[in-house]
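Working through the structure, step by step
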Amino acid sequence: MAIREIQYREALREAMNEEMRKNDKIFLMGEEVAEYNGAYKVSQGMLDEFGAKRVIDTPIAELGFAGIAIGAAMNGLRPIVEFMTFNFSLVAIDQIINGAAKILSMSGGQFGAPIVFRGPTGNAGQLGAQHSQNFENWFANCPGLKVVVPSNPYDAKGLLKSSIIDNNPVIFMESELMYGDKGEVPTEEYYIEIGKANVVKQGTDVTIVSFGKMMSRVVQPAVDALTNEGINVEVIDLRTVRPIDFETILTSVKKTNRLVVVEEAWPLASISSEIAFYVQKNAFDYLDAPVLRITCADVPLPYAPTLIAASLPNAERVIKAVKEVMYVAK
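Residues numbered from 1 in each chain as written. Predicted model: local features only at pLDDT ≥ 70, side-chain atom pairs only at ≥ 80, totals over all residues. Heavy atoms only, no water.

1. Things to note about the environment of serine 272
Inspection of the secondary structure assignment puts serine 272 in helix α10 (residues 271-282). Among the residues examined, serine 272 registers a relative accessible area of 0% and is labelled buried. C-alpha of serine 272 to C-alpha of threonine 240: the two residues are 32 residues apart in sequence and 13 Å apart in space. Excluding its chain neighbours within four sequence positions, the residues that come into contact with serine 272 are Val261, Glu263, Arg293 and Thr295. (Helix = DSSP H or I, 4+ residues; strand = E, 2+ residues; numbered from the N terminus. Buried < 20%, exposed > 50% of the residue type's maximum accessible area, 1.4 Å probe, protein only. Contact = heavy atoms within 4.5 Å.)

2. Some remarks on the sheet that holds strand β2 (residues 26-30)
Backbone hydrogen bonds are what pair the strands of a sheet, in a parallel or an antiparallel way. Read across the sheet, seven strands follow the order β3-β2-β4-β5-β7-β6-β12 without closing on themselves; strand pairing throughout is mixed. Two strands bound the open sheet, and with one partner strand each, they are β3 (55-57) and β12 (240-242). Sheet twist, expressed as the mean angle between neighbouring strand axes with direction ignored, is 20°. One ladder, built from five bridges, connects β2 with strand β4 (residues 78-82); its direction is parallel. Bridge assignment links methionine 29 to a residue of β4, and that residue is valine 81. Sheet contacts for helix α3 (residues 62-74): β2, β4 and β5 (116-120); angle to β4, the most-contacted strand, approximately 165°. (Pairing = 2+ DSSP bridges. Axes fitted to C-alpha atoms, helices over the stretch in contact; angles between N-to-C directions.)

3. Remarks on the nonpolar core
Ranked by size, the top nonpolar core spans 49 residues in total, and within it Phe117, Phe139, Ile171, Leu238, Ile249, Ile275 and Val279 carry the most contacts. The set of elements that each furnish at least two residues to this core consists of β2, α3, α4 (93-100), α6 (136-140), β7 (170-174), α9 (246-256), β13 (259-262) and α10. Once residues within four sequence positions are removed from consideration, phenylalanine 117 is found in contact with Ala66, Val81, Phe83, Phe86, Ile96, Ala100, Val170, Ile171 and Phe172. Of all hydrophobic cores here, the second largest spans 32 residues; its members include Val33, Met46, Val116 and Phe172. (Core = buried A, V, L, I, M, F, W, Y, C linked by side-chain atoms within 4.5 Å.)

4. Focus on the packing of helix α8 (residues 214-228) against helix α12 (residues 315-325)
Closest axis-to-axis distance for the α8/α12 pair is 8 Å, and the angle between their directions is 50°. In terms of orientation, α8 and α12 fall into the oblique class. Crossing geometry of α8 relative to α12 is assigned as right-handed. Along its contact with α8, which presents Val218, Pro221, Ala222, Ala225 and Leu226, the element α12 presents Ala315, Val318, Ile319, Val322 and Lys323. Of the residues belonging to the contact of α8 with α12, the class tally is nine nonpolar, no polar and one charged. (Parallel < 35°, antiparallel > 145°, perpendicular 65-115°, else oblique. Left-handed = near helix turned anticlockwise from the far one by under 90°. Nonpolar A, V, L, I, M, F, W, Y, C, P; charged D, E, K, R; others polar.)

5. Side note on α9
Note: α-helices contain 3.6 residues per turn, so residues at a spacing of three or four share the same orientation. Every buried residue of α9 is listed here: Phe246, Thr248, Ile249, Leu250, Ser252, Val253 and Thr256. Taken together, the buried residues of α9 touch β9 (198-201), β10 (206-210), β11 (233-237), β13 and α10.

6. Describing the environment of glutamine 110
Topologically, glutamine 110 is positioned in the loop between α5 (103-106) and β5. Measuring from C-alpha to C-alpha, the distance between glutamine 110 and valine 291 comes to 43 Å, with 181 residues separating the pair along the chain. Within the local environment of glutamine 110, its side chain forms a polar contact with the backbone oxygen of serine 107, the two atoms lying 3.0 Å apart. (Polar contact = N/O pair within 3.5 Å; in protein donor to acceptor, adjacent residues only side chain to side chain.)

7. Side note on the sheet that holds strand β14 (residues 292-294)
The strand order across the open sheet built from five strands is β9-β11-β10-β13-β14, with neighbouring strands paired in mixed fashion. Pairing within the sheet leaves two strands with one partner each, and these edge strands are β9 and β14. When the angles between neighbouring strand axes are averaged without regard to direction, this sheet yields 25°. Taken together, the three bridges between β10 and β13 define a ladder with parallel strand orientation. For valine 209, the partnering residue across the bridge sits in β13 and is valine 261.

Now the structure itself:
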């Protein structure tokens, strides 16, 4: 299998291009996706290839174009909706939660909503509290939705292709900080199963579970430092947070007997809360220490860079948590 190194944004573009070439019912819509080639250049060149009927610039009206996408999906099309940031999806959350997520059930299976809602999530620097939020757990709380949060270009392409052909509405969350990240991606076509976690690194001492940009920005440097200290960490990338691959997590915890969960969102009712509950309920006798969580501080994200750094998860906090569950002297 031939491999090349491409950017995260290129992997997303390839996924959309490949599926749109196969199926003319698939189209992309959102703010600046066409003439401007995408706010983050994810859709660069797509207008030239597919034309204005399949790559559609919208007004600044998320509520409106999310509703249009749902109607289109109910009538046999397969929209990809790009939010310039998932912070703006809150304007359309009624359409997503009360429309897309429920139409299959409420219509008795007569109508579905095969849509991908995609765009960046979380902190991307000094963008202010209203543009730096994580809503993965919000959407994951709603039956009828799938929620995908890839951490690298390979996963981004394979998971987006699977999301586009899925018959359910999929929330596909990226990161502004990752669009320029490079990674190895096969030239051959491939898909990655939604709902299946990836064991990134085998280990014996402690399990770390995370997803999205936390994998590269926080978990990897922490694991490198811990490895240098002789601590053998097992690392699981969830890839999707609805459904959560609890089986892979439990298998790992039964081996390592310790768990640290890292996510960027606020702590209350988070993905890490659900994982911690599930593990203590189903693997309590295997745990040698309490499950620890590393999350964002329970405050709106500040603007000052020093306060941003103090609020967000970091490698030092992960290292401290791992040593705490291992009862290693600090």
